[in-house]
Amino acid sequence: MSILRITNGRVIDPSQGIDQLTDLWIRADTILALGAQPHLQADRVLDATGKIVCPGLIDMHVHLREPGRQEDETIATGTAAALAGGITSVACMPNTEPALDSQAAAEFVYLQAERAGNANVFPVGAITKGREGKELAEIGGLVEGGAVAFTDDGSPIVSAEIMRRALEYCRMFDRAVLSHCDDPDLTRGGIMHEGFESMRLGVRGIPAAAEQVVVYRDIALAELTGGRLHILHVSTAGSVDLIRRAKQRGVRVSGEACPHHFTLTDKCLRSFDSVYKVTPPLRTEEDVQALLAGLKDGTLEVLASAHAPHAPEKKMRELDQAPSGIIGLETLLPVCVTALIETGHLTWPQLIEKLTVNPARVLNIDRGTLRPGSMADVTIVDPAVEWTIDPSEFRSKSRNCPYAGWKVRGRADTVIVGGKVKFETSRTS
Ligand SMILES: [Zn+2]
Ligand SMILES: [Zn+2]
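In this text the structure is predicted, and so the values were computed from the model without any measurement.

Asks: Let's hear about the overall build of the chain: which residues, and what values?
Replies: Scanning the chain for helices and strands turns up 14 helices and 18 strands. Taken over the C-alpha trace, the chain has a radius of gyration of 21 Å; the compact-globule value for 429 residues is 22 Å, and the two agree within 12%. Oriented by its inertia axes, the alpha-carbon framework of the chain measures out at about 65 × 45 × 45 Å. A fraction of 75% describes how many contacts in the chain between residues 6 or more apart in sequence connect residues 24 or more apart.

Asks: Provide a residue-level description of the coordination of the zinc ion (ligand 2), including the pertinent values.
Replies: Geometry sets the ideal angles at a metal, namely 109.5 degrees for four tetrahedral donors and 90 or 180 degrees for six octahedral donors. Protein coordination at the zinc ion (ligand 2) comes from His 61 (NE2), His 63 (NE2) and Asp 153 (OD), with a distance range of 2.0 to 2.1 Å. The sequence motif formed by the donor residues of the zinc ion (ligand 2) is H-x1-H-x89-D. Here the zinc ion (ligand 2) and the zinc ion (ligand 1) are spaced 3.5 Å apart, linked through Asp 153, which binds each one. Placement of His 61 in strand S6 (residues 57-62) and of Asp 153 in the loop between strand S9 (149-150) and helix H4 (160-172) is noted, with a sequence separation of 92 residues between them. Judged by its relative accessible area of 1%, His 61 falls in the buried class.

Asks: Now, about helix H7 (residues 208-225): what can you tell me, with residues and values included?
Replies: Compared with an ideal rise of 1.5 Å per residue, which puts 18 residues at 26 Å, H7 spans 26 Å between its outermost C-alpha atoms and is within 8% of the ideal. Following H7 by one or two positions, Gly 226 adopts a phi angle in the positive range, close to 75°.

Asks: Could you give an account of the coordination of the zinc ion (ligand 1), with specific residues and numbers?
Replies: Coordination sphere of the zinc ion (ligand 1), protein contribution only: Asp 153 (OD), His 180 (ND1) and His 233 (NE2), at 2.0 to 2.1 Å. Sequence positions of the donors to the zinc ion (ligand 1) reduce to the motif D-x26-H-x52-H.

Asks: An account of the nonpolar core is requested, with residue identities and associated values reported.
Replies: Ranked by internal contacts, the top residues of the largest apolar core, which has 77 residues, are Ile 219, Phe 262, Leu 303, Leu 340, Trp 348 and Leu 351. Residue contributions to this core peak at seven residues, all from helix H12 (residues 332-341). Apart from residues no more than four positions distant in its own chain, Trp 348 is found in contact with Arg 10, Ile 12, Ile 52, Val 337, Ile 341, Val 381 and Pro 383. Formed by 21 residues, the second largest nonpolar core is a distinct cluster that contains Leu 319, Ile 326, Phe 394 and Cys 401.

Asks: Can you lay out the layout of surface pockets for me, pointing to particular residues and giving the numbers?
Replies: Estimates place the volume of the largest pocket at around 340 Å³. Taken together, 20 residues line the largest pocket, and the ones lying closest to its centre are Asn 95, Gly 154, Thr 279, His 310 and Ser 324. Counted by class, the lining of the largest pocket contains five nonpolar, 12 polar and three charged residues. By volume, the second largest pocket is sized at about 290 Å³.

Asks: I'd like a rundown of the side chain of Ser 374, residues and numbers included.
Replies: The residue Ser 374 is located in the loop between helix H14 (357-363) and strand S16 (378-388) in this model. Within the local environment of Ser 374, its side chain forms a polar contact with the backbone oxygen of Arg 371, the two atoms lying 2.2 Å apart. Contacts of Ser 374, omitting those with residues within four sequence positions, involve Asp 29, Thr 30, Ile 31 and Thr 369.

Asks: Account for the pairing of strand S18 (residues 420-424), naming residues and giving values.
Replies: Bridge analysis of strand S17 (residues 407-417) against S18 gives four bridges, and the strand direction is antiparallel. Each residue of the ladder has a partner; that of Ile 416, found in S18, is Val 421. The hairpin formed by S17 and S18 contains two residues between the paired strands, and Gly 418 there has a positive phi angle of roughly 55°.

Asks: Describe in detail the pattern of salt bridges, supporting the description with residues and values.
Replies: For the structure shown, the criterion picks out 24 salt bridges. Put simply, Lys 314 and Glu 71 hold a salt bridge, and the shortest N to O gap is 2.9 Å. With Lys 314 in helix H11 (residues 312-315) and Glu 71 in the loop between S6 and helix H1 (75-84), this residue pair connects regions lying 243 residues apart in the sequence. A residue is classified by how much of its surface remains accessible, and Glu 71, at 39% relative accessible area, is partly exposed. Arg 249 is the salt-bridge partner of Glu 223, the closest N and O atoms lying 2.9 Å from each other. One end of the pair, Glu 223, is in helix H7; the other, Arg 249, is in the loop between helix H8 (237-248) and strand S14 (253-257), with 26 residues separating them in the sequence. Each member of the salt-bridge network shares a partner with another, and the members are Arg 69, Glu 71, Asp 72 and Lys 314.

Asks: Which residues make up the sheet that holds S6, and what are the values?
Replies: If you trace the three strands from one edge of the open sheet to the other, you get S6-S7-S8, paired in parallel fashion. Unpaired on one side and paired on the other, S6 and strand S8 (120-123) mark the two borders of the sheet. Across the sheet, the axes of successive neighbouring strands diverge by a mean angle of 20°, strand direction being ignored. Taken together, the four bridges between S6 and strand S7 (residues 87-92) define a ladder with parallel strand orientation. Residue pairing in the sheet places Ile 58 in a bridge with Ser 89 of S7. Across the sheet, helix H2 (residues 103-116) lies against S7 and S8, angled at about 175° from S8, the strand it touches most.

Asks: Explain the packing of aromatic side chains to me, using residue names and the numbers behind them.
Replies: For any pair of aromatic rings, the description consists of the separation of the ring centres together with the inter-plane angle of the planes. Within the structure shown, the criterion is met by two aromatic pairs. Taken together, a centroid distance of 4.7 Å and an interplanar angle of 80° make the contact between Tyr 403 and Trp 406 edge-to-face. Using a relative accessible area of 31% as the deciding quantity, one classes Trp 406 as partly exposed. The cationic tip of Arg 411 hangs over the ring face of Trp 387; the distance from NZ or CZ to the ring centre is 3.7 Å.

Asks: Could you give an account of the packing of H12 against helix H13 (residues 348-355), with specific residues and numbers?
Replies: Contact geometry for H12 and H13: axes closest at 11 Å, N-to-C directions at 145°. Along this stretch, H12 crosses H13, giving a crossing that reads as right-handed. In contact with Leu 332, Leu 333, Cys 336, Val 337, Leu 340 and Ile 341 of H12, H13 contributes Trp 348, Leu 351 and Leu 355. Taken together, the residues that form the contact of H12 with H13 break down as nine nonpolar, no polar and no charged.

Asks: Describe unusual backbone geometry, with residues and values.
Replies: Pro 67 follows Glu 66 through a cis peptide bond whose omega is 5°. Within the element layout of this structure, Pro 67 appears in the loop between S6 and H1. Glu 97 connects to Pro 98 through a cis peptide bond whose omega is 0°. Summarising the element assignment, Pro 98 is placed in the loop between S7 and H2. Its identity is not glycine, yet Asp 174 carries a phi of approximately 50°, on the positive side. In this structure, Asp 174 sits in the loop between H4 and strand S10 (176-179). A relative accessible area of 33% places Asp 174 in the partly exposed class. Non-glycine residue His 233 carries a positive phi angle of around 30°. His 233 gets classed as buried once you look at its relative accessible area, which sits at 4%.

Criteria and thresholds
- Residues numbered from 1 in each chain as written.
- Chains lettered and ligands numbered in written order.
- Predicted model: local features only at pLDDT ≥ 70, side-chain atom pairs only at ≥ 80, totals over all residues.
- Heavy atoms only, no water.
- Helix = DSSP H or I, 4+ residues; strand = E, 2+ residues; numbered from the N terminus.
- Rg over C-alpha atoms; globule rule 2.2 N^0.38 Å.
- Contact = heavy atoms within 4.5 Å.
- Donors = N, O, S within 2.8 Å, 3.2 Å for Na, K, Ca; no water.
- Buried < 20%, exposed > 50% of the residue type's maximum accessible area, 1.4 Å probe, protein only.
- Expected span 1.5 Å × (residues − 1).
- Core = buried A, V, L, I, M, F, W, Y, C linked by side-chain atoms within 4.5 Å.
- 1 Å grid on protein atoms, 1.4 Å probe; cavity = no way out; pocket = protein on both sides within 12 Å on 5 of 7 lines; lining within 4 Å.
- Points joined across faces, edges and corners; volume = space filled by probe spheres on them.
- Nonpolar A, V, L, I, M, F, W, Y, C, P; charged D, E, K, R; others polar.
- Polar contact = N/O pair within 3.5 Å; in protein donor to acceptor, adjacent residues only side chain to side chain.
- Pairing = 2+ DSSP bridges.
- Salt bridge = Lys/Arg side-chain N within 4 Å of Asp/Glu carboxyl O.
- Axes fitted to C-alpha atoms, helices over the stretch in contact; angles between N-to-C directions.
- Phe/Tyr/Trp six-rings, centres within 6.5 Å; stacked < 30°, edge-to-face > 60°.
- Lys NZ or Arg CZ within 6 Å of the ring centre and 35° of its normal.
- Left-handed = near helix turned anticlockwise from the far one by under 90°.

Shown next as C-alpha coordinates:
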(Lines give C-alpha, C1' and ligand atoms only; values in the text may rest on other atoms or scores of the structure.)
(Ligands and ions follow the chains in the order given, each with its own letter.)
Protein backbone atom coordinates (compact mmCIF):
# COMPACT_ATOMS: atom_id res chain seq x y z
CA MET A 1 0.00 0.00 0.00
CA SER A 2 1.42 3.34 -1.02
CA ILE A 3 2.62 5.85 1.55
CA LEU A 4 2.31 9.62 1.20
CA ARG A 5 4.39 11.95 3.37
CA ILE A 6 3.45 15.61 3.78
CA THR A 7 6.57 17.26 5.09
CA ASN A 8 7.56 20.58 6.73
CA GLY A 9 4.00 21.87 7.13
CA ARG A 10 2.42 23.54 10.15
CA VAL A 11 0.07 20.74 11.20
CA ILE A 12 -3.02 22.11 12.96
CA ASP A 13 -5.49 19.57 14.30
CA PRO A 14 -7.80 21.08 16.94
CA SER A 15 -9.34 17.64 17.63
CA GLN A 16 -6.03 16.65 19.23
CA GLY A 17 -4.82 20.10 20.29
CA ILE A 18 -1.95 19.89 17.79
CA ASP A 19 -0.26 22.95 16.27
CA GLN A 20 3.33 22.19 15.28
CA LEU A 21 5.77 21.95 12.40
CA THR A 22 5.86 18.26 11.65
CA ASP A 23 5.24 15.53 9.08
CA LEU A 24 1.96 13.80 8.34
CA TRP A 25 1.97 10.26 6.97
CA ILE A 26 -0.87 8.69 5.01
CA ARG A 27 -1.12 5.03 3.99
CA ALA A 28 -3.72 4.24 1.34
CA ASP A 29 -6.91 5.95 2.57
CA THR A 30 -5.92 6.27 6.23
CA ILE A 31 -3.93 8.65 8.45
CA LEU A 32 -0.91 6.60 9.50
CA ALA A 33 1.17 8.79 11.81
CA LEU A 34 2.45 12.24 12.71
CA GLY A 35 6.04 13.30 13.25
CA ALA A 36 9.39 11.82 12.23
CA GLN A 37 9.04 8.16 11.24
CA PRO A 38 12.57 6.96 10.30
CA HIS A 39 11.37 3.44 9.62
CA LEU A 40 8.80 4.54 7.01
CA GLN A 41 9.57 4.91 3.32
CA ALA A 42 7.31 7.31 1.42
CA ASP A 43 6.21 6.62 -2.14
CA ARG A 44 5.35 10.26 -2.63
CA VAL A 45 6.41 13.36 -0.71
CA LEU A 46 4.49 16.66 -0.70
CA ASP A 47 6.52 19.60 0.53
CA ALA A 48 4.27 21.81 2.66
CA THR A 49 6.88 24.40 3.66
CA GLY A 50 5.09 27.61 4.59
CA LYS A 51 1.73 25.87 4.42
CA ILE A 52 -0.87 24.75 6.96
CA VAL A 53 -1.80 21.06 7.02
CA CYS A 54 -5.18 20.41 8.64
CA PRO A 55 -8.04 17.93 8.62
CA GLY A 56 -10.09 18.20 5.44
CA LEU A 57 -12.50 21.12 5.80
CA ILE A 58 -16.19 20.35 6.33
CA ASP A 59 -18.93 22.67 5.09
CA MET A 60 -22.06 21.47 6.85
CA HIS A 61 -24.50 23.79 5.09
CA VAL A 62 -24.60 23.34 1.33
CA HIS A 63 -27.39 23.24 -1.25
CA LEU A 64 -26.44 20.93 -4.12
CA ARG A 65 -29.81 21.26 -5.97
CA GLU A 66 -29.78 17.68 -7.30
CA PRO A 67 -32.29 16.19 -7.88
CA GLY A 68 -34.56 18.71 -9.52
CA ARG A 69 -32.63 21.88 -10.19
CA GLN A 70 -29.52 20.81 -12.06
CA GLU A 71 -29.51 24.12 -13.95
CA ASP A 72 -28.31 25.71 -10.67
CA GLU A 73 -25.89 23.01 -9.45
CA THR A 74 -25.36 19.26 -9.47
CA ILE A 75 -23.75 16.95 -6.99
CA ALA A 76 -20.78 16.72 -9.39
CA THR A 77 -20.32 20.49 -9.90
CA GLY A 78 -21.02 21.35 -6.26
CA THR A 79 -18.45 18.86 -4.99
CA ALA A 80 -15.91 20.09 -7.58
CA ALA A 81 -16.47 23.60 -6.21
CA ALA A 82 -16.00 22.24 -2.70
CA LEU A 83 -12.60 20.77 -3.58
CA ALA A 84 -11.47 24.05 -5.16
CA GLY A 85 -12.44 25.71 -1.88
CA GLY A 86 -10.41 23.24 0.20
CA ILE A 87 -13.49 21.39 1.41
CA THR A 88 -13.39 17.58 1.59
CA SER A 89 -16.88 16.99 3.03
CA VAL A 90 -20.19 18.75 2.62
CA ALA A 91 -23.56 18.15 4.21
CA CYS A 92 -26.29 18.81 1.65
CA MET A 93 -29.66 20.27 2.50
CA PRO A 94 -32.86 18.39 1.62
CA ASN A 95 -34.73 21.17 -0.23
CA THR A 96 -34.32 19.45 -3.58
CA GLU A 97 -37.14 18.43 -5.92
CA PRO A 98 -38.29 15.98 -4.74
CA ALA A 99 -37.15 16.65 -1.18
CA LEU A 100 -34.68 14.29 0.52
CA ASP A 101 -37.38 12.75 2.68
CA SER A 102 -36.87 9.01 2.13
CA GLN A 103 -34.21 6.36 2.50
CA ALA A 104 -33.97 6.02 -1.30
CA ALA A 105 -33.40 9.78 -1.66
CA ALA A 106 -30.50 9.70 0.82
CA GLU A 107 -29.01 6.68 -0.93
CA PHE A 108 -29.26 8.49 -4.28
CA VAL A 109 -27.09 11.31 -2.91
CA TYR A 110 -24.38 8.86 -1.82
CA LEU A 111 -24.50 7.16 -5.21
CA GLN A 112 -24.17 10.41 -7.17
CA ALA A 113 -21.38 11.63 -4.90
CA GLU A 114 -19.48 8.40 -5.43
CA ARG A 115 -19.93 8.71 -9.20
CA ALA A 116 -18.60 12.27 -9.12
CA GLY A 117 -15.60 11.17 -7.05
CA ASN A 118 -14.90 14.63 -5.63
CA ALA A 119 -15.66 15.60 -2.02
CA ASN A 120 -17.64 13.43 0.41
CA VAL A 121 -21.33 14.26 0.63
CA PHE A 122 -23.40 13.62 3.74
CA PRO A 123 -27.12 14.04 3.12
CA VAL A 124 -29.30 15.88 5.61
CA GLY A 125 -32.83 14.45 5.68
CA ALA A 126 -36.06 16.43 5.67
CA ILE A 127 -37.93 16.64 8.98
CA THR A 128 -41.34 16.53 7.31
CA LYS A 129 -42.68 14.74 4.25
CA GLY A 130 -42.13 16.86 1.16
CA ARG A 131 -40.86 19.60 3.53
CA GLU A 132 -44.51 20.58 3.87
CA GLY A 133 -44.30 21.00 7.62
CA LYS A 134 -47.28 18.72 8.24
CA GLU A 135 -46.19 15.16 8.85
CA LEU A 136 -42.85 13.82 10.11
CA ALA A 137 -40.76 12.18 7.37
CA GLU A 138 -39.55 8.62 7.88
CA ILE A 139 -36.67 9.58 10.15
CA GLY A 140 -35.66 5.97 10.83
CA GLY A 141 -35.52 5.11 7.13
CA LEU A 142 -33.52 8.25 6.42
CA VAL A 143 -31.02 7.34 9.15
CA GLU A 144 -30.81 3.88 7.57
CA GLY A 145 -30.08 5.57 4.22
CA GLY A 146 -27.26 7.56 5.81
CA ALA A 147 -28.90 10.91 6.68
CA VAL A 148 -26.60 12.57 9.22
CA ALA A 149 -28.97 15.26 10.53
CA PHE A 150 -32.46 16.64 9.92
CA THR A 151 -33.89 19.95 8.74
CA ASP A 152 -36.55 21.50 6.52
CA ASP A 153 -34.03 24.24 5.66
CA GLY A 154 -35.30 26.70 3.12
CA SER A 155 -38.44 26.67 5.21
CA PRO A 156 -38.94 26.90 8.97
CA ILE A 157 -40.84 24.30 10.97
CA VAL A 158 -43.92 26.38 11.70
CA SER A 159 -45.52 23.95 14.14
CA ALA A 160 -43.89 23.86 17.58
CA GLU A 161 -45.47 20.44 18.11
CA ILE A 162 -43.73 19.01 15.02
CA MET A 163 -40.44 20.58 16.10
CA ARG A 164 -40.83 19.00 19.51
CA ARG A 165 -41.42 15.56 18.02
CA ALA A 166 -38.52 15.98 15.57
CA LEU A 167 -36.17 16.76 18.47
CA GLU A 168 -37.47 13.74 20.43
CA TYR A 169 -37.22 11.40 17.46
CA CYS A 170 -33.79 12.56 16.32
CA ARG A 171 -32.50 12.27 19.86
CA MET A 172 -33.12 8.51 19.73
CA PHE A 173 -30.73 8.31 16.76
CA ASP A 174 -28.31 10.91 18.19
CA ARG A 175 -28.94 13.14 15.19
CA ALA A 176 -29.11 16.92 15.41
CA VAL A 177 -32.03 19.00 14.21
CA LEU A 178 -30.78 21.93 12.11
CA SER A 179 -33.14 24.84 12.41
CA HIS A 180 -33.80 27.51 9.78
CA CYS A 181 -35.21 30.11 12.17
CA ASP A 182 -37.65 32.36 10.42
CA ASP A 183 -41.23 33.14 11.45
CA PRO A 184 -43.14 33.15 8.13
CA ASP A 185 -45.80 35.59 9.33
CA LEU A 186 -43.15 38.15 10.21
CA THR A 187 -41.02 37.45 7.13
CA ARG A 188 -43.74 37.39 4.45
CA GLY A 189 -43.06 39.79 1.60
CA GLY A 190 -39.81 40.97 3.16
CA ILE A 191 -36.77 41.44 0.96
CA MET A 192 -34.09 42.84 3.29
CA HIS A 193 -33.44 43.54 6.97
CA GLU A 194 -36.09 45.77 8.54
CA GLY A 195 -34.48 48.94 9.79
CA PHE A 196 -33.14 52.31 8.80
CA GLU A 197 -31.87 51.13 5.40
CA SER A 198 -35.10 49.36 4.38
CA MET A 199 -37.10 52.43 5.37
CA ARG A 200 -34.79 54.71 3.44
CA LEU A 201 -34.96 52.50 0.34
CA GLY A 202 -38.69 51.91 0.67
CA VAL A 203 -38.17 48.15 0.57
CA ARG A 204 -40.22 45.78 2.70
CA GLY A 205 -38.19 44.51 5.64
CA ILE A 206 -37.70 41.36 7.70
CA PRO A 207 -37.31 42.20 11.40
CA ALA A 208 -34.57 40.62 13.51
CA ALA A 209 -37.41 39.31 15.69
CA ALA A 210 -38.55 37.01 12.84
CA GLU A 211 -35.39 34.98 13.50
CA GLN A 212 -35.19 35.44 17.24
CA VAL A 213 -38.69 34.27 18.14
CA VAL A 214 -37.95 30.93 16.48
CA VAL A 215 -34.46 30.66 18.02
CA TYR A 216 -36.10 31.23 21.41
CA ARG A 217 -38.84 28.65 20.74
CA ASP A 218 -36.43 26.00 19.49
CA ILE A 219 -34.08 26.46 22.44
CA ALA A 220 -37.07 26.01 24.76
CA LEU A 221 -37.99 22.82 22.88
CA ALA A 222 -34.42 21.51 22.99
CA GLU A 223 -34.47 22.13 26.72
CA LEU A 224 -37.80 20.32 27.04
CA THR A 225 -36.78 17.27 25.00
CA GLY A 226 -33.03 17.01 25.63
CA GLY A 227 -32.65 16.93 21.84
CA ARG A 228 -29.67 18.32 19.98
CA LEU A 229 -30.36 21.62 18.21
CA HIS A 230 -28.18 23.46 15.69
CA ILE A 231 -29.16 26.98 14.66
CA LEU A 232 -28.36 27.51 10.98
CA HIS A 233 -27.10 30.84 9.58
CA VAL A 234 -27.34 32.95 12.76
CA SER A 235 -27.70 36.56 11.61
CA THR A 236 -28.71 38.77 14.54
CA ALA A 237 -27.17 40.01 17.78
CA GLY A 238 -30.29 38.83 19.62
CA SER A 239 -29.87 35.25 18.35
CA VAL A 240 -26.21 35.17 19.43
CA ASP A 241 -27.30 36.30 22.89
CA LEU A 242 -30.04 33.64 23.12
CA ILE A 243 -27.65 30.86 22.10
CA ARG A 244 -24.93 32.06 24.46
CA ARG A 245 -27.30 32.06 27.45
CA ALA A 246 -28.82 28.69 26.52
CA LYS A 247 -25.34 27.14 26.41
CA GLN A 248 -24.62 28.53 29.84
CA ARG A 249 -27.70 26.65 31.10
CA GLY A 250 -26.43 23.45 29.50
CA VAL A 251 -28.90 23.27 26.59
CA ARG A 252 -27.56 21.14 23.72
CA VAL A 253 -27.46 23.90 21.13
CA SER A 254 -24.83 24.90 18.59
CA GLY A 255 -24.62 28.00 16.42
CA GLU A 256 -23.50 28.53 12.85
CA ALA A 257 -22.24 31.69 11.17
CA CYS A 258 -21.96 32.26 7.41
CA PRO A 259 -19.33 34.66 5.99
CA HIS A 260 -21.84 36.98 4.30
CA HIS A 261 -23.50 37.71 7.64
CA PHE A 262 -20.28 39.00 9.22
CA THR A 263 -18.68 40.65 6.18
CA LEU A 264 -21.64 42.46 4.59
CA THR A 265 -24.51 44.60 5.89
CA ASP A 266 -27.93 45.79 4.73
CA LYS A 267 -26.20 48.87 3.29
CA CYS A 268 -25.23 46.64 0.32
CA LEU A 269 -28.89 46.66 -0.75
CA ARG A 270 -28.53 50.34 -1.68
CA SER A 271 -27.30 48.96 -5.00
CA PHE A 272 -30.60 47.06 -5.46
CA ASP A 273 -28.37 44.21 -6.66
CA SER A 274 -30.07 40.88 -6.03
CA VAL A 275 -26.70 39.22 -5.32
CA TYR A 276 -27.15 40.65 -1.80
CA LYS A 277 -30.59 39.10 -1.34
CA VAL A 278 -30.30 36.20 1.06
CA THR A 279 -32.30 34.49 3.82
CA PRO A 280 -31.90 35.46 6.60
CA PRO A 281 -31.04 38.91 5.24
CA LEU A 282 -27.82 40.87 5.65
CA ARG A 283 -28.21 42.77 8.91
CA THR A 284 -26.54 45.81 10.52
CA GLU A 285 -23.04 46.65 11.71
CA GLU A 286 -24.08 45.91 15.32
CA ASP A 287 -25.18 42.43 14.27
CA VAL A 288 -21.86 41.90 12.48
CA GLN A 289 -20.02 42.86 15.67
CA ALA A 290 -22.17 40.47 17.74
CA LEU A 291 -21.49 37.61 15.30
CA LEU A 292 -17.74 38.29 15.50
CA ALA A 293 -17.96 38.27 19.31
CA GLY A 294 -19.95 35.02 19.17
CA LEU A 295 -17.34 33.43 16.92
CA LYS A 296 -14.60 34.57 19.25
CA ASP A 297 -16.15 33.30 22.49
CA GLY A 298 -17.32 30.01 20.96
CA THR A 299 -21.07 30.69 21.00
CA LEU A 300 -20.93 30.18 17.23
CA GLU A 301 -18.79 27.06 16.88
CA VAL A 302 -19.44 26.31 13.21
CA LEU A 303 -18.56 28.26 10.08
CA ALA A 304 -20.48 27.22 6.97
CA SER A 305 -21.10 28.74 3.55
CA ALA A 306 -24.87 28.13 3.17
CA HIS A 307 -23.89 27.71 -0.51
CA ALA A 308 -27.16 28.46 -2.32
CA PRO A 309 -26.63 28.41 -6.08
CA HIS A 310 -29.11 29.99 -8.48
CA ALA A 311 -28.59 30.03 -12.25
CA PRO A 312 -27.63 33.53 -13.48
CA GLU A 313 -30.91 34.14 -15.36
CA LYS A 314 -32.86 33.65 -12.11
CA LYS A 315 -30.69 35.98 -10.03
CA MET A 316 -30.81 38.65 -12.76
CA ARG A 317 -34.48 39.34 -12.06
CA GLU A 318 -35.66 42.40 -10.15
CA LEU A 319 -34.90 42.41 -6.43
CA ASP A 320 -38.40 41.39 -5.38
CA GLN A 321 -38.57 38.56 -7.96
CA ALA A 322 -35.05 37.15 -7.58
CA PRO A 323 -34.52 34.08 -5.39
CA SER A 324 -32.60 34.39 -2.11
CA GLY A 325 -29.15 32.95 -1.74
CA ILE A 326 -25.40 33.37 -2.06
CA ILE A 327 -22.87 30.78 -3.21
CA GLY A 328 -19.88 30.20 -0.96
CA LEU A 329 -18.00 26.92 -1.36
CA GLU A 330 -15.12 28.58 -3.20
CA THR A 331 -14.95 31.66 -0.99
CA LEU A 332 -15.59 30.24 2.50
CA LEU A 333 -11.93 29.73 3.39
CA PRO A 334 -10.38 32.91 1.91
CA VAL A 335 -13.16 35.17 3.17
CA CYS A 336 -12.84 33.66 6.67
CA VAL A 337 -9.04 34.02 6.59
CA THR A 338 -9.35 37.63 5.47
CA ALA A 339 -12.21 38.65 7.79
CA LEU A 340 -11.31 36.59 10.86
CA ILE A 341 -7.57 35.80 10.88
CA GLU A 342 -6.12 38.92 9.26
CA THR A 343 -8.21 41.09 11.60
CA GLY A 344 -7.17 39.16 14.70
CA HIS A 345 -10.67 37.94 15.62
CA LEU A 346 -9.63 34.27 15.50
CA THR A 347 -6.40 32.30 15.57
CA TRP A 348 -5.71 29.62 12.95
CA PRO A 349 -6.53 26.76 15.35
CA GLN A 350 -9.82 28.48 16.26
CA LEU A 351 -10.74 28.96 12.61
CA ILE A 352 -9.85 25.39 11.66
CA GLU A 353 -11.79 24.01 14.63
CA LYS A 354 -14.96 25.70 13.31
CA LEU A 355 -14.38 24.15 9.88
CA THR A 356 -13.41 20.63 10.95
CA VAL A 357 -14.00 18.97 14.32
CA ASN A 358 -16.93 21.17 15.37
CA PRO A 359 -19.14 20.50 12.33
CA ALA A 360 -18.08 16.82 12.50
CA ARG A 361 -19.43 16.72 16.08
CA VAL A 362 -22.72 18.38 15.13
CA LEU A 363 -23.16 15.88 12.29
CA ASN A 364 -21.83 12.99 14.36
CA ILE A 365 -19.50 11.90 11.52
CA ASP A 366 -16.00 10.44 11.94
CA ARG A 367 -14.21 13.22 10.05
CA GLY A 368 -12.48 16.44 10.93
CA THR A 369 -9.45 14.85 12.60
CA LEU A 370 -5.91 13.72 11.77
CA ARG A 371 -5.92 11.04 14.45
CA PRO A 372 -4.04 7.94 13.22
CA GLY A 373 -6.53 5.42 11.87
CA SER A 374 -8.99 8.02 10.62
CA MET A 375 -9.95 8.59 7.01
CA ALA A 376 -7.20 10.56 5.26
CA ASP A 377 -9.10 13.72 4.35
CA VAL A 378 -6.53 16.53 4.48
CA THR A 379 -6.47 20.14 3.33
CA ILE A 380 -3.18 21.92 2.76
CA VAL A 381 -3.73 25.67 2.96
CA ASP A 382 -1.48 28.40 1.62
CA PRO A 383 -2.13 31.01 4.32
CA ALA A 384 -0.14 33.81 2.70
CA VAL A 385 -1.19 33.88 -0.94
CA GLU A 386 -3.08 37.01 -1.97
CA TRP A 387 -5.55 36.80 -4.81
CA THR A 388 -8.64 38.44 -6.26
CA ILE A 389 -11.96 36.61 -6.31
CA ASP A 390 -13.21 36.09 -9.85
CA PRO A 391 -16.49 34.14 -10.00
CA SER A 392 -15.97 33.41 -13.72
CA GLU A 393 -13.29 30.94 -12.60
CA PHE A 394 -15.58 29.02 -10.23
CA ARG A 395 -16.35 25.32 -10.60
CA SER A 396 -19.87 25.97 -9.35
CA LYS A 397 -22.55 26.26 -12.04
CA SER A 398 -23.82 29.47 -10.48
CA ARG A 399 -22.29 32.91 -10.10
CA ASN A 400 -24.33 34.53 -7.31
CA CYS A 401 -21.25 35.60 -5.34
CA PRO A 402 -21.08 39.00 -3.65
CA TYR A 403 -17.28 38.93 -3.36
CA ALA A 404 -16.30 39.49 -7.03
CA GLY A 405 -13.22 41.68 -7.10
CA TRP A 406 -12.43 41.25 -3.40
CA LYS A 407 -8.74 40.96 -2.61
CA VAL A 408 -8.37 38.08 -0.18
CA ARG A 409 -5.67 36.06 1.48
CA GLY A 410 -5.40 32.29 1.89
CA ARG A 411 -6.37 29.49 -0.42
CA ALA A 412 -6.47 25.71 -0.60
CA ASP A 413 -3.21 24.47 -2.05
CA THR A 414 -3.77 20.71 -2.07
CA VAL A 415 -6.87 18.74 -1.15
CA ILE A 416 -6.75 15.05 -0.26
CA VAL A 417 -9.88 12.93 0.07
CA GLY A 418 -9.58 9.34 1.29
CA GLY A 419 -5.80 9.44 0.72
CA LYS A 420 -6.11 10.61 -2.90
CA VAL A 421 -4.97 14.02 -4.09
CA LYS A 422 -8.18 15.41 -5.62
CA PHE A 423 -7.19 19.05 -6.09
CA GLU A 424 -3.85 20.76 -6.53
CA THR A 425 -3.03 24.32 -7.47
CA SER A 426 -0.21 24.34 -10.02
CA ARG A 427 2.99 23.65 -8.13
CA THR A 428 5.97 25.71 -9.15
CA SER A 429 8.60 23.36 -7.77
ZN1 LIG B 1 -31.95 28.40 5.72
ZN1 LIG C 1 -29.67 26.76 3.65
